[in-house]
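Working through the structure, step by step
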Amino acid sequence: MKLGLLPCEIYHREFDAKLILAARLAQTHNFKVIIGYDKYFNGLIKHLPPAVLLEKSCSTIMWEGRIKPTKEKGGRAIVSDEEGFNDLSKEKEIIFTNRLDTHATKHIDMYCCWGEIDFKFWGRIPTLENKIKILGNCRSDLVNSIGKKLYANQSEALRQIYGDYILVSDNFCVERINNMNPIFNVSEDKRQEAEKKETELRQKNKENRDVFANLIDSAAERIPSIQFIIRPHPVADSKWWDCRFSKIRNVHVVYHLNVDPWIIGAKALVSMGCTTALQAAIAKTPIIEIEQVINETDKNKNTGLGHKFTNLKANTSEQLVEHIHKVIAGDKKQIFKDLDLLNRYWHECQTSSATNKYSEVINDFADKTDKNA
């Protein structure tokens, strides 16, 4: 029996993509698949036969909870980091490298990268040599042709409810639901360095959020006929957004369903460096990127990579309103740029092939597991 394990940490970010992958494995390769909340797998794996695990990161937590038990049972472990590549930078290097347990990297069977950026970043780790491969991520299939068919009814329903709505993405995550930074198995010096960097970034995010919210506030007031849907970050406490926009009738703070049908149904996505901007680029939903304008040293600096693929950039409310009017009018001329470059960063994200590729890799490892059993 071929058995696949697809744990999901954040339901609204990961589940649908892995559900499609589970269906592909079952239909094409005759797999039995267990999919669900990741913490449930920690106690379950020791009671299962050898399986192929698709894990969301290579941290000590994942090693102890699921990767190690899977390997001890004679199974295989593949890692595809759900944090992706959009936030990888020199500034955040200590935060990301703390997440990688080098002991775990010695025992996993493959480390899958979204594209060139994370391949270069993680390719420096000696223990990943000969295990690292660019494979993309199945979440791209939720906003290309597969996702548009899957979410057709949901996206149309959202348009029926909200009309020509503008989707606003929270990428700041200042107040978190558990209000704690993740703890990893690293030296005290590295832990303190990461804590310091997290504190600095959170303060910067708070300042950026104020700029971002003020522009949304002004745009909503100037275009009262347009509905603005603010999508909180998956691990953020949304109370700040609820309070900030509670008196503005055409602004709604909604965290319901995967973000993908909202992206597909929107007239445009307003972002400040969020990964959802890359998802919108795949879906061909216009992206309006807010640039940092907190002070002169930050002026014209961009977070994330969404700004690389859109000509619609705003650092004033007048610019934001102008861009919104343009996309509402249906004018898509010269909105996107360099979309071919996105395929380098997010491998073949526009080809609807990621799910097939992952299913083939998982099946290959399952076949090897059966032969070794």
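Above this note sits the structure.
Residues numbered from 1 in each chain as written. Predicted model: local features only at pLDDT ≥ 70, side-chain atom pairs only at ≥ 80, totals over all residues. Heavy atoms only, no water.

**Notes on helix 13 (residues 317-328)**
Under the 1.5 Å per step criterion, the end-to-end length of helix 13 is 16 Å for 12 residues, consistent within 8% with the ideal 16 Å. Where helix 13 is concerned, the buried positions are S317, L320, V321, H323, I324 and V327. Projection of helix 13 onto a plane perpendicular to its axis shows the buried side chains occupying an angular sector of 165°, all on one side. Elements in contact with the buried residues of helix 13: strand 7 (166-169), helix 9 (188-222), strand 8 (228-231), strand 10 (268-271), strand 11 (287-290) and strand 12 (313-314). The first or second residue beyond helix 13 is G330, which carries a positive phi of 85°. (Helix = DSSP H or I, 4+ residues; strand = E, 2+ residues; numbered from the N terminus. Expected span 1.5 Å × (residues − 1). Buried < 20%, exposed > 50% of the residue type's maximum accessible area, 1.4 Å probe, protein only. Arc of directions from axis to C-beta. Contact = heavy atoms within 4.5 Å.)

**Section: the nonpolar core**
Formed by 106 residues in total, the largest nonpolar core has its most connected members in Y111, W122, F228 and L320. Residues within four places of W122 in sequence aside, it is in contact with L88, F96, T97, L100, Y111, L128 and I132. (Core = buried A, V, L, I, M, F, W, Y, C linked by side-chain atoms within 4.5 Å.)

**Focus: the packing of aromatic side chains**
Counted according to the given criterion, the structure contains 17 aromatic pairs. Seen in terms of ring centroids, F121 and W122 are 4.8 Å apart; in terms of plane orientation they differ by 80°. Their pairing is edge-to-face. Per residue, the accessibility class of F121 equals that of W122, and both read buried. When the centroid spacing of 5.8 Å and the interplanar angle of 45° are considered together, the rings of Y162 and W262 count as tilted. Of this pair, Y162 sits in helix 8 (residues 152-162) while W262 sits in helix 11 (residues 259-265), placing them 100 residues apart in sequence. Like Y162, the residue W262 is buried in the burial classification. By the ring-pair criterion, three or more aromatic residues cluster together here, those being F172, F212, W240, W241 and F245. (Phe/Tyr/Trp six-rings, centres within 6.5 Å; stacked < 30°, edge-to-face > 60°.)

**Comments concerning the sheet that holds strand 8**
Strand order in the open sheet formed by 6 strands is 9-8-7-10-11-12, and the pairing between neighbours is parallel. Both outer strands of the open sheet, strand 9 (251-253) and strand 12, are each paired with one neighbouring strand and no more. Note that strand 10 and strand 11 share 3 bridges and pair parallel. Directly across from L269, in strand 11, lies its bridge partner I287. (Pairing = 2+ DSSP bridges.)

**Topic: the sheet that holds strand 5 (residues 110-113)**
Strand order across the open sheet formed by 6 strands is 2-1-3-4-5-6, with parallel pairing between neighbours. A strand with exactly one partner marks an edge of an open sheet, and here the two such strands are strand 2 (31-37) and strand 6 (132-134). Taken pair by pair, the neighbouring strands of this sheet meet at an average axis angle of 20°, ignoring direction. The pairing of strand 5 with strand 6 spans 3 bridges and is classified as parallel. (Axes fitted to C-alpha atoms, helices over the stretch in contact; angles between N-to-C directions.)

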